[in-house]
Amino acid sequence: MTIHIPTRALRLVRRVACFSVAALAPASFAHTAVPSTGIRAERAATLGALPGGSVLYSQNILQHDGQGEARAIVSMVFPDPDYAAYSGEGADDFYVADASGWTIDQVIANGIVYGTDVPNGTDVDVGPFRIAIYPDAGGQPAAAAACSYDALPHTHGALSGGAWSAFGMALPTPCSLAQGTYWLSIVATPPAPLDIRYTWNWSAVHLGSPVPGHSPMVRNPGGDLYPNCPTWTGLEACVNTSANGLVFQLIGSVVAQAPPPESGIALSVGLAQYDGDPAQCASAGTLQASVGDQINACYTVTNHTPLTLNYHTLADASGGAPLFTNANVPIAPGESYRYNRIFAAAQSTTLDPAWTGHTILPPYVPTASTDAFVDIAASGTLLEPSPLTRQIDQPLPFAFDFYGVAYSSICISDWGLIAFKATPADSCGAAEGGEPLPFAYGFGATVEAALMPWWDFFGTAGSLHVATLGSAPARRFVVQWTDKNHVDAYYADPGDPGRVTFQAILNEDGTFDYRYRTVEFGAQDGVHDFGRSATVGLQAGQSGPSNYQYSWGAPVLSDGLSLHWARGESASFTASQSATLDVGAPQIALGQTTLAASAAAGGSATATLDFRNDGDRDLDWTSGEMSAGARHYPIPPRNRALHPRREAPSGLPLRTATAAAAPPAKAKDVPITPLRYRPPVPAFGMVFSTWFPYELNSYAQLDASFPGALQYLSQSSHSYFAGTFVDYDFSTAYVVDAYFRLLIAIDTNDGSERIIGNVDVPASAGFPTGMRWDPSSGTTYLVAANFGTCSTTLYTVDLASAAVQAVGNIPDAGLIDLAIDPAGNAWSVDICNQNTVVVDLAGAQVDVVGALGIDVTTAAGMDFDASTGTLYFAAVDNGSFDPATGAYESHLYTIDRQSGQATVVNDGYGGFVGPGTYHQGSALIGSQLDALAIAAAPGPCASPDDIAWLSRSPSEGTVQPGSTQAVTLTFDASGLAPGTYTGNACIDSNDPERRQVAVPVTFTVTGDPDLVFGDGFDP
């Protein structure tokens, strides 16, 4: 086991957002309360730059507490004896994360000076201050301080009347602290005759949940300020508030000393053959397996720190992309957490995972930069936002990573905001700016993540442009608001051109910039200049510490200001471990390439087919006979111009797959067809959630014959309802986004997208639900279904231009997808009537095969395995709704082409798993698979039929490495007329390179001599 603990300072940075003002005090202490009706006049201030030192700990931004006001506690000694009983003290805890300890030399605080005679914005001296740092004593400050300082002046910043303000105090001697929990107390100690009209209030905040450490504590020995709290008492017991943190920073350095080896986290990895239990966990670090075997890798992390680690990232190079990023799973000190990854063995590999746990998400932190404003007003693309909502949707030229989520689409507000769209259906709403964070934007908005370079109530003057600069992997996407006026000026003079120009730049490396060219509105009275009425910052969600409010209603912007935003730090711990997977494979070697036999009519003959296993793992095999199939409709006209044919590749290796760990769940009974062995069937599709919490859609690969695990290739803001391969080229999948109606090409190696164009399917036709290439004609077909009218329109689509042409309308049928076999036979499922149907591609009509047998009334996908002729169908079973979880089960099925009946695919490996989902028996709970496309080329065994004149013995078996198997084929001429008969003897095996082999057989039936001389000789 190897544990990696960063040598740099392990800093706990808890960042939250600012909001309005109301002091935390009883109603009888009314002098300290700021009426909520005045919140637009009382503005927040930010902490300024600090001279020297490193930020060791930070709770430095105010956040809305969910009740419409900000909070503050009175932490002050009143020199007037008449008010001495109001003297109170506040304290909040922090954790020294480094084993070597900290040396603190500066303390930064945020608060407000309030009084009946204090002009807003006036610097008021209520100091000096007393600072004490207490050790923790059972969840509260100890009786004796570890460090204490009296009569400290504030050395930088300001104490502003009637407004939030930040100030710093240098400690005359450093405070040295060992690793552990401590409490910081800051108390104003003004000289007489300052009276009750002037109070300093320490800002209290709501940090979200979970909160590292303890909530603040207060004490008021005199009892007039907080009557219930004469000694140290939790804030929530003293005052009715949701605030659970005080605003401060600690500046200093980490003592240079190596940390002890077991102070971080430990990681172990166990490998086992998957037994159907997603929670299975083995301890073995090495495992022998065969190609295609399902492997359960169990990652177990143990938290040896005294901190609760709330966000986790697990990366394993053997699994491709990180298995998960910033997963919110609280792991308390001393606890362990297990994650299971189920995948198909492809080749020998070393698993080398690294697990990183954070107390909070590393926040974005702004720093001033010297980068110049990049004016794109003349060269960029002019956008015209909706006059009603004042926003416009905009695709991004590259995936932008924001807090670990890759976004490909945004909406831009004319009011100075950029919102990230997790799904195409997301609405950014229509709300003017100038509100504290977090904020839901209003008017039906569904997005949460947003950037706010200058979120304000702008008028309609000015313009909005976008441009992409540079080349990959260093592209920049620029959004520029030019010459914007404020709405106040618009109502006073609609012709006011405005003067404010600023921009946001999204960088391909995940950082971003806010740049300001002019920040004064010019002709106005100055009340909105410099960001006085704006919100500047970012929002990740409606709660939690990942929001950052740079300013709210504060004049902090200036001409030429440039802010560069990059991820900061939080207390984090990393551990790694390794495990070895030794993968081998069987290899089938045929003794004969053809077989022939002859017999007289009514007679029989035998021949021997033998094969050996030249591999290093057991060869499992089954055999059958195949003959050519027939089409059920005439072949449509061939259109080779659309799809110039290429050589079919030999096949795709199945990639490894990831799977989420399953919570405990009650198993449900599902119909299962057990099979002794099934060869791997590489397939691709989009997995997206059917329940809350919604996560991004994911394009994934799976083995359709073992749907117990997925490999996620990429996340996307698009929703693929239709997908196909063309010309048996499995390196590129073509998909259709049903909402944006975009034709997109996907690289199946990494999931990257290339937009081809718009698919012009009218809204009246419904959503594009299926697309399939016809190997018999070279044409690609698209179906769009309107489930309100239960009708389907059949189109052809040009994959080079996205142009579509209608073939015809199919009434009274809602087709969910298309599957076309190598002979050109087209199949679909009519989910309006719950039937399996065959489709006439030339005449746009359907014939019913039979009832599907399951209740399917939502998105689904289907395709043929062209190598075997198996028809697969992925769907959500609406009869499986679980009111306890609010979720449905998804299954992969095969459809019997004779009866139309669907049967669950399962051989003990369970269902497929997607984001936000879990296994329940063979089912996938909470997600569905769509745009199904199977990467298999046809062969001589693609159309299975039993050949009545041919039988074999044995019909299945296992061949050990180096051994040979003999199969006796019996040719029966009973009932056959003289002539020559041909077919294929097919062997399915677990040889990953030759999953199926065909041996051509020829049977010659000769005439019966008794029939030749049946009437005797002529005399």
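Note that this is a predicted model, so its numbers are computed, not measured. (Residues numbered from 1 in each chain as written. Predicted model: local features only at pLDDT ≥ 70, side-chain atom pairs only at ≥ 80, totals over all residues. Heavy atoms only, no water.)

Peer 1: Explain the overall build of the protein chain to me, and be specific about the residues and the numbers.
Peer 2: Per the secondary structure count, the protein chain includes 3 helices and 71 strands. Looking at the protein chain residue by residue over its 1019 residues, the buried ones come to 57%. Sequence separation of at least 24 residues holds for 69% of the intrachain contacts in the protein chain that already meet a minimum separation of 6. (Helix = DSSP H or I, 4+ residues; strand = E, 2+ residues; numbered from the N terminus. Buried < 20%, exposed > 50% of the residue type's maximum accessible area, 1.4 Å probe, protein only. Contact = heavy atoms within 4.5 Å.)

Peer 1: Could you give an account of the sheet that holds strand β50 (residues 742–747), with specific residues and numbers?
Peer 2: The strand order across the open sheet built from 4 strands is β48-β49-β50-β51, with neighbouring strands paired in antiparallel fashion. Two strands lie at the open edges of the sheet, namely β48 (720–726) and β51 (753–758), each paired on one side alone. Taken pair by pair, the neighbouring strands of this sheet meet at an average axis angle of 25°, ignoring direction. (Pairing = 2+ DSSP bridges. Axes fitted to C-alpha atoms, helices over the stretch in contact; angles between N-to-C directions.)

Peer 1: Could you give an account of the packing of aromatic side chains, naming the residues involved and the relevant values?
Peer 2: Scanning the model with the defined rule gives 44 aromatic pairs in all. Ring geometry for W415 against F457: centres 5.9 Å apart, planes inclined by 80°, an arrangement best described as edge-to-face. Placement of W415 in the loop between β29 (405–413) and β30 (417–420) and of F457 in the loop between β31 (450–455) and β32 (463–469) is noted, with a sequence separation of 42 residues between them. Here W415 falls in the buried class, since its relative accessible area comes to 7%. Aromatic side chains F873 and Y893 sit 6.3 Å apart centroid to centroid with 40° between the ring planes, which places their arrangement in the tilted category. Within this pair, whereas F873 is found in strand β61 (residues 870–882), its partner Y893 is found in strand β62 (residues 887–895), the two being separated by 20 residues in sequence. One exposure class covers both F873 and Y893, and it is buried. One aromatic cluster is present, built from ring pairs that chain together Y364, F400, F402, Y403, Y407, F420, F512, Y514, Y548, Y550 and W565. For the cation-ring pair, R567 lies above Y364, with the distance from its terminal atom to the ring centre recorded as 5.1 Å. (Phe/Tyr/Trp six-rings, centres within 6.5 Å; stacked < 30°, edge-to-face > 60°. Lys NZ or Arg CZ within 6 Å of the ring centre and 35° of its normal.)

Peer 1: So what's going on with the sheet that holds strand β34 (residues 500–507)? Residues and values would help.
Peer 2: Strand order in the open sheet made by the 7 strands is β26-β38-β35-β34-β33-β32-β27, with antiparallel pairing throughout. Of all the strands in the sheet, the pair left with one neighbour each is β26 (364–368) and β27 (381–383). When strand polarity is set aside, the average angle formed by the axes of neighbouring strands in this sheet is 20°. Relative to strand β35 (residues 512–518), β34 runs antiparallel, the two being bridged by 6 bridges. Looking at the pairing, L506 lines up with F512 of β35.

Peer 1: Can you tell me about the pattern of salt bridges, naming the residues and giving the values?
Peer 2: Under the definition given, this model contains 14 salt bridges. Between R219 and E89 there is a salt bridge, and its shortest N-O distance comes to 2.9 Å. Of this pair, R219 sits in strand β14 (residues 217–219) while E89 sits in strand β6 (residues 89–96), and the two are 130 residues apart along the sequence. A residue is classified by how much of its surface remains accessible, and R219, at 25% relative accessible area, is partly exposed. Exposure remark for E89: the relative accessible area of 7% places this residue in the buried category. Here R617 makes a salt bridge to D616, at a shortest N to O gap of 3.9 Å. The class of D616 is partly exposed, set by a relative accessible area of 45%. Three or more residues joined by partner-sharing salt bridges are found here, namely R390, D414 and K484. (Salt bridge = Lys/Arg side-chain N within 4 Å of Asp/Glu carboxyl O.)

Peer 1: Could you give an account of the pairing of strand β49 (residues 729–737), naming the residues involved and the relevant values?
Peer 2: Where β48 meets β49, 5 bridges bridge the pair, whose relative direction is antiparallel. Of the residues in β49, the one forming a bridge with Y720 is D737. In sequence, β48 turns back onto β49 through a hairpin of 2 residues, with D727 there showing a positive phi of about 55°. Both β49 and β50 contribute to a ladder of 6 bridges, which runs antiparallel. When the sheet's bridge partners are listed, A733 is paired in β50 with I746.

Peer 1: How would you explain the side chain of D863 if you had to name every residue and give the values?
Peer 2: Considering the arrangement of structural elements, one finds D863 in strand β60 (residues 861–865). On the basis of relative accessibility, which here comes to 6%, the residue D863 falls in the buried class. Within the local environment of D863, its side chain forms a polar contact with the backbone nitrogen of I934, the two atoms lying 2.8 Å apart. Apart from the residues lying within four places of it in its own chain, the contact partners of D863 are R772, A819, T870, L871, Y872, L932, A933 and I934. (Polar contact = N/O pair within 3.5 Å; in protein donor to acceptor, adjacent residues only side chain to side chain.)

Peer 1: Talk me through the side chain of Q280; I want residue IDs and the actual numbers.
Peer 2: Mapped onto the fold, Q280 is located in the loop between β18 (265–273) and β19 (286–290). Classification of Q280 by relative accessible area gives buried; the value is 13%. Side-chain polar atoms of Q280 contact the backbone oxygen of Q273, separated by 2.9 Å. With residues near it in sequence (within four places) discarded, Q280 still touches A272, Q273, Y274, D275, N296, C298 and N340.

Peer 1: Give a detailed account of the nonpolar core, specifying residues and quantitative values.
Peer 2: Membership of the largest hydrophobic core comes to 49 residues, with the highest contact counts inside it found for F402 and W454. The dominant element in this core, judged by the number of residues it contributes, is β31, at 5 residues. Formed by 41 residues, the second largest nonpolar core is a distinct cluster that contains L56, Y86, F167 and Y182. (Core = buried A, V, L, I, M, F, W, Y, C linked by side-chain atoms within 4.5 Å.)

Peer 1: So, empty space enclosed by the protein: which residues are in play, and what are the values?
Peer 2: A water-sized probe, rolled over the atoms, reveals where empty space remains. Applying the stated rule across the entire model yields 6 cavities of 30 Å³ or more. The volume enclosed by the largest cavity comes to roughly 160 Å³. If you go around the largest cavity, you meet 16 residues; those closest to its centre are Y728, W773, I820, D863 and I934. Going through the elements one at a time, β48, β52 (767–773), β60 and β66 (927–934) are the ones with two or more residues in the lining of the largest cavity. Partitioning the lining of the largest cavity into residue classes produces 12 nonpolar, 1 polar and 3 charged. (1 Å grid on protein atoms, 1.4 Å probe; cavity = no way out; pocket = protein on both sides within 12 Å on 5 of 7 lines; lining within 4 Å. Points joined across faces, edges and corners; volume = space filled by probe spheres on them. Nonpolar A, V, L, I, M, F, W, Y, C, P; charged D, E, K, R; others polar.)

Peer 1: Talk me through unusual backbone geometry; I want residue IDs and the actual numbers.
Peer 2: Here the residue pair A472 and P473 is connected by a cis peptide bond, since its omega of 5° sits within 30 degrees of zero. Secondary-structure assignment places P473 in the loop between β32 and β33 (476–484). The peptide bond linking S953 to P954 adopts the cis configuration, its omega dihedral lying at -5°. Structurally, P954 is set in the loop between β67 (950–953) and β68 (956–959). Although it is not a glycine, D812 adopts a positive phi angle of roughly 60°. In this structure, D812 sits in the loop between β55 (804–810) and β56 (819–820). Take D812: its relative accessible area is 62%, and that puts it in the exposed class. The phi dihedral of A931 falls on the positive side, at around 55°, and the residue is not glycine.

Peer 1: Account for the environment of D817, with residues named and values stated.
Peer 2: Considering the arrangement of structural elements, one finds D817 in the loop between β55 and β56. Note: C-alpha distance between D817 and F721 (96 residues apart in sequence) is 8.5 Å. In contact with D817, not counting residues within four places along its chain, are T769, G770, M771, R772, V783, W827, S828, A860, G861 and M862. A polar atom in the side chain of D817 sits 3.0 Å from the backbone nitrogen of M862.

Peer 1: Outline the confidence of the model for the protein chain, listing residues and values.
Peer 2: Across the protein chain, the average pLDDT comes to 76, with 73% of residues at 70 or higher. Within the model, the stretch residues 628–679 combines pLDDT values under 50 with 151 contacts to residues more than four positions away or in other chains. This stretch, residues 690–696, has a pLDDT under 50; its non-local contacts, to residues over four places away or in other chains, come to 23 contacts. (pLDDT = per-residue confidence, 0-100.)

Peer 1: Can you tell me about the environment of W565, naming the residues and giving the values?
Peer 2: On the secondary structure map, W565 appears in strand β38 (residues 562–567). Between the alpha carbons of W565 and T511 there is a distance of 5.7 Å; along the sequence they are 54 residues apart. Sequence-distant contacts of W565, defined by excluding residues within four places in its chain, comprise Y364, V365, P366, T511, F512, Y514, G537, L538, Y548 and Y550.

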